[in-house]
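Read off the chains here:
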Amino acid sequence: SSNQIFVNSPHLIFLRLIPAIFSTLVTPIFFNFLCSEGATLRTAFAISLLISLDSTYIIRSRLFLPDCFIYFFSVGSLYFFSKAIKWSSSPYFIISAFFASITFLCDHQGIYIISFIFFRLVEFVLEDKITFKKFFIGFCYLFVSIIFSIFFVAIIHIGLQTGPSDIQPLSKRFLSEM
């Protein structure tokens, strides 16, 4: 039956492995982010442990849902933004902006990460921690990264010449066979 074909598919291993890898990396990145923001080791460990033991996080991170990618790229964006500010490093900020744009592509709630980065940049300008020139460059990195990633995804979609998604009929067939 087609149910056996789907269950024994080599793609099933891939669809289970990728979210597990991305979700597993969230906790150490978040731990490092908390430490770089000034949290004590005990506090960072406790918070990271609580995140990894959360039942909704465990369930959503083991299924092929966009949540695991949203968690990974959101936390990664915050971590690299923290490093960019601490070390005044453009490569870290470029990575942070790229991760923020991927978060936005996974789910439009990623705009919160982009807003956080933007308002932290404004805060640093107002507190004279960075110059207006660095703020403008950071804003340009963020904006260009978002635009580039959206166009990149659109080019891939157009290049594949995909039509309407076949996911809904596939999932209906899968559920009817179960």
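Structure first, text after, so check above.
For every chain, the first residue of the written sequence is number 1, and numbering continues from 1 onward in sequence order. Owing to the predicted nature of the model, reporting of local features is limited to residues with pLDDT of at least 70; listing and counting of side-chain atom pairs is limited to 80 or more, with chain, interface and lining totals taken over all residues. Computation of side-chain values: all heavy atoms of the structure, hydrogens and water removed.

*Asks:* Would you mind going over the overall build of the protein chain in detail, with residue names and values included?
*Replies:* Each helix is a run of DSSP H or I of at least 4 residues and each strand a run of E of at least 2, with the numbering of both proceeding from the N terminus. Secondary structure summary: the protein chain contains nine helices and zero strands in total. For the protein chain, buried positions account for 32% of its 178 residues. Contacts: residue pairs with any heavy atoms within 4.5 Å of one another. Here the analysis covers contacts within the protein chain between residues at least 6 apart in sequence; of these, 64% occur between residues at least 24 apart. Areas reported as accessible are Shrake-Rupley estimates using a 1.4 Å probe. Residue values count occlusion only from the protein chains shown. Counting every atom, the protein chain has about 11,800 Å² of accessible surface; 73% of that belongs to carbon and sulfur. Summary of the burial criterion: residues with accessible area below 20% of their type's maximum are buried, those above 50% are exposed, and those between are partly exposed, where the area comes from a 1.4 Å probe applied to protein chains only.

*Asks:* Which residues make up the packing of aromatic side chains, and what are the values?
*Replies:* Two aromatic rings from Phe, Tyr or Trp, using only the six-membered ring of Trp, form a pair when their centres are within 6.5 Å; if the ring planes differ by under 30 degrees the pair is stacked, by over 60 it is edge-to-face, and anything between is tilted. Under the defined criterion, the tally for this structure stands at 20 aromatic pairs. Judged by centre distance (5.6 Å) and plane angle (85 degrees), the rings of Phe80 and Phe99 are edge-to-face. Taken as a pair, Phe80 in helix α5 (residues 67–87) and Phe99 in helix α6 (residues 90–106) lie far apart in primary sequence, 19 residues in all. Judged by its relative accessible area of 18%, Phe80 is buried. When its relative accessible area of 13% is taken as the criterion, Phe99 is described as buried. Each ring, one from Phe81 and one from Phe116, has its centre 6.4 Å from the other, and the planes form 70 degrees; the classification is edge-to-face. Of the two residues, Phe81 is situated in helix α5 and Phe116 in helix α7 (residues 111–126); the sequence distance between them amounts to 35 residues. A network of ring pairs unites the aromatic residues Phe22, Phe69, Phe72, Phe73, Tyr79, Phe80, Tyr92, Phe98 and Phe99 as a single cluster.

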